[in-house]
Amino acid sequence: RRLACGDVEGRLDALFGRVRAVQGKSGLFDMLLCVGSFFGAASEAEWAEYRTGAKKAPIPTYVLGANDQETVSYFPDVSGCELAENITYLGRRGLYSGTSGLQIAYLSGTEAQDEPAPAYSFSAKDVAELKTSLLSTPNFKGVDILLTSPWPRDVGTFGNSAGEIDTKKCGSNLVSDLAASLKPRYHFAGLEKAYYERLPYRNHTVLQETPQHVSRFIALADVGNTSKKKYLYAFSIVPMSSMDPAELVKQPQDVTENPYRKSRKEAQKTKAPLCAEEEPACQFFFDLNKHQGKKRPSDGKERGNSQPKQAKKPPQPTGPCWFCLASPEVEKHLVVSIGTHCYLALAKGGLLPDHVLILPIGHYQSVVDLSAEVVEEVTKYKSALKEFFRSKGKRYVLFERNYRSQHLQLQVVPVPLDHCTSEDIKEIFIAQAQEQQIELLEIPEHSDITQVAQPGTPYFYVELDTGEKLFHRIRGRFPLHFGRAVLASAALLALPQRADWRRCAAERAEEAAQARAFRRDFQPFDFALR
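Residues numbered from 1 in each chain as written. Predicted model: local features only at pLDDT ≥ 70, side-chain atom pairs only at ≥ 80, totals over all residues. Heavy atoms only, no water.

- In the nomenclature of an unreviewed UniProt entry, the protein corresponds to CWF19-like protein 1 from the organism Caloenas nicobarica.

1. A few points about empty space enclosed by the protein
Here comes step 1: Per the counting criterion, the structure on display carries 1 cavity of 30 Å³ or more.
Here comes step 2: In this structure, the largest cavity is lined by S37, F38, F39, G65, A66, N67, T71 and F75. (1 Å grid on protein atoms, 1.4 Å probe; cavity = no way out; pocket = protein on both sides within 12 Å on 5 of 7 lines; lining within 4 Å. Points joined across faces, edges and corners; volume = space filled by probe spheres on them.)

2. Thoughts on the sheet that holds strand β12 (residues 196-197)
Consider a sheet: its strands pair through backbone hydrogen bonds, and that pairing is either parallel or antiparallel.
Here comes step 1: Strand order in this open sheet of 6 strands is β6-β7-β10-β11-β13-β12, and the pairing throughout is mixed. Of all the strands in the sheet, just β6 (93-97) and β12 have a single pairing partner and so form its edges.
Here comes step 2: Across 4 bridges, strand β11 (residues 186-189) lies against strand β13 (residues 216-219) in parallel orientation. Looking at β13, one finds that H187 is bridged to F217.
Here comes step 3: Across the face of the sheet, helix α3 (residues 124-135) comes into contact with β6 and β7 (103-107) while running at roughly 35° to β6.
Here comes step 4: Packing of helix α4 (residues 173-182) onto the sheet brings it into contact with β7, β10 (145-148) and β11, and relative to β10 it is tilted by some 170°. (Pairing = 2+ DSSP bridges. Helix = DSSP H or I, 4+ residues; strand = E, 2+ residues; numbered from the N terminus. Contact = heavy atoms within 4.5 Å. Axes fitted to C-alpha atoms, helices over the stretch in contact; angles between N-to-C directions.)

3. A few points about the sheet that holds strand β23 (residues 459-464)
Here comes step 1: Pairing within the open sheet is antiparallel, and its 8 strands lie in the order β17-β18-β19-β21-β20-β23-β24-β22. Both outer strands of the open sheet, β17 (335-338) and β22 (441-442), are each paired with one neighbouring strand and no more.
Here comes step 2: In terms of strand pairing, strand β20 (residues 394-402) meets strand β21 (residues 410-416) through 6 bridges, oriented antiparallel. Each bridged residue has a counterpart across the sheet, and for R395 the counterpart in β21 is V415.
Here comes step 3: Most of the contacts of helix α8 (residues 422-435) go to β23, to which it runs at about 160°, and overall it touches β20, β22, β23 and β24 (469-473).

4. Section: the nonpolar core
Here is a general trend for soluble globular proteins: nonpolar side chains tend to be buried in one another's company.
Here comes step 1: Within the largest apolar cluster, 34 residues are counted, with the highest numbers of intra-cluster contacts made by I358, L385 and F518.
Here comes step 2: The set of elements that each furnish at least two residues to this core consists of β18 (342-346), β19 (356-360), α7 (372-391), β20, β21, β23 and α10 (508-522).
Here comes step 3: In terms of residues, this core owes the most to one element, α7, which gives 7 residues.
Here comes step 4: With residues up to four places along the chain from it excluded, the contact list for F518 reads V336, L346, D354, V356, L385, F388 and F389.
Here comes step 5: The next biggest cluster of nonpolar side chains, apart from the first, holds 31 residues, and it includes C5, V223, Y231 and W501. (Core = buried A, V, L, I, M, F, W, Y, C linked by side-chain atoms within 4.5 Å. Buried < 20%, exposed > 50% of the residue type's maximum accessible area, 1.4 Å probe, protein only.)

5. Here's the deal with the environment of L359
Here comes step 1: Within the fold, L359 resides in strand β19.
Here comes step 2: Accessibility expressed as a relative area gives 1% for L359, which makes it buried.
Here comes step 3: Along the primary structure L359 and L408 are separated by 49 residues, whereas in three dimensions their C-alpha atoms are 6.2 Å apart.
Here comes step 4: If near-sequence neighbours (up to four positions away) are discounted, L359 is found in contact with F323, C342, Y343, A345, H407, L408 and Q409.

6. Structural notes on α10
Here comes step 1: Compared with the 21 Å implied by 1.5 Å per residue over 15 residues, the 21 Å span of α10 between its first and last C-alpha is a close match.
Here comes step 2: All buried positions along α10 are accounted for by E511, A512, A515, F518, R519 and F522. Down the axis of α10, the buried set is contained in an arc of 125°. They therefore lie on one face. Looking at α10, the residues exposed on the side facing more than 90 degrees away from the buried face are A509, R516 and R520.
Here comes step 3: The inward-facing, buried residues of α10 contact β17, β18, β19 and α7. (Expected span 1.5 Å × (residues − 1). Arc of directions from axis to C-beta.)

7. Structural notes on the packing of α7 against α10
Here comes step 1: α10 packs onto α7 with a crossing angle of 95° between their chain directions and a minimal axis gap of 11 Å. In terms of orientation, α7 and α10 fall into the roughly perpendicular class. Residue-level inspection shows A384, L385, F388 and F389 of α7 in contact with α10, the latter providing F518, D521 and F522.
Here comes step 2: Looking at the contact of α7 with α10 residue by residue, the class counts come to 6 nonpolar, no polar and 1 charged. (Parallel < 35°, antiparallel > 145°, perpendicular 65-115°, else oblique. Nonpolar A, V, L, I, M, F, W, Y, C, P; charged D, E, K, R; others polar.)

8. Some details on the environment of G53
Here comes step 1: Checked against the element boundaries, G53 lands in the loop between α2 (44-51) and β3 (61-63).
Here comes step 2: Here the alpha-carbon distance between G53 and A84, two residues 31 residues apart in the chain, equals 7.3 Å.

9. Comments concerning unusual backbone geometry
Here comes step 1: Of note, the phi angle at F158 is positive, near 70°, even though the residue is not glycine.
Here comes step 2: Judged by its relative accessible area of 51%, F158 is exposed.
Here comes step 3: Here the phi dihedral of A494 falls at roughly 55°; this positive angle occurs in a residue that is not glycine.
Here comes step 4: Tracing the backbone shows A494 in the loop between α9 (482-488) and α10.
Here comes step 5: On the basis of relative accessibility, which here comes to 44%, the residue A494 falls in the partly exposed class.

See the structure below:
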């Protein structure tokens, strides 16, 4: 059971008051999806109460990004982040996959009128990359939900009237193209301060193509509008992946033709060829030893025929990934070591200057998904980091949160050896977990996490450099910053002001300097350079 709402424009109390009333009358809902402008010109006073924790959203709330320059500052991380407890910014574009299998594609901002696109807009390239990442998924049938702020241009064609909104002039052609490609079962949009529930439309041509599911477009008005236009929409949806195929493609009596087919055909006639200067989407390694910043292809040609046979390729991401090394989104100035299958990078907004991440170069969601070759190299990096930190009088604490994340991130944080024993660290984690009704269990010695968690299982685990491990199977909600908050607490590093990485962001030049220093110190221990 889900809720969707239109432009909030900073009226958080009005929105959440209405949500509480709906839940009091109809029972609890699983999430609230917000399209349009979540923040407005006068948001700061109300927002401060939620940002500081004085008030809390009554339901997990997912929002799109800025639609104008004035609200860009509310969204500190383009890849998405938690803005306040129970309020999450999805990111610039991508796919959110719920634990139930529900797939929600999203695109933040308005269509750019000029190049380069400002921070609050999306370009044709953004849409093309999102489409490519999803359409390349094997057996792709569509997504369950699509969230955009602008309406799709021409959505009213073949459909019921949209009232005062002229759908031939209103909205975005790029959003129309995206909706036509992704075939969402529900598409929500805002910005026009109007409510419009279009008749469902087909995603196939009758008698020419195999029947497919229908799509429903719903535009929502602004929260608390004086005209009493509908801004909150309740609906139930079973994930497409869990549905009987025959049930999925049932056609309602009021279904119409696809509104975008004609405009897509016209666009294809005038479509320009791909730019010859565009690089292919192949993976690059960055040689950090002799040729700083120089790209060398990962095909092994530089080393002759002695290069081992390339391992099986990892799964491809279903949306833009900020940690796949080949991605243009990776902040490569933070990378400090690159192996064959994994790399090390300083954590952005790290708890300490030597807080590092172990990351697979290819796209893997969690430790339990890793291939044998990647596991072997992760183990090498753990051993190297243990030796490195021990030489500095420290031991590391490693943790992973396989929950609301797309790419494996092993967070490695050093703790002074004379500060506490490994038993102390375990007891602190278990005690702070119990305070939040989280059951952290110790994994038996010589056991592996793959023996207690199946691929796709949400979990949190802690590992000490002694090999001792704690594990929690996530069955409901879980605090995103739990691991970091425990380490930042008075019982361990006593850095409570650094518990939230967003408050620890440094200038790019400072980050680059820290990375150079770490790379220099780590070099004697870095097996990747031998």
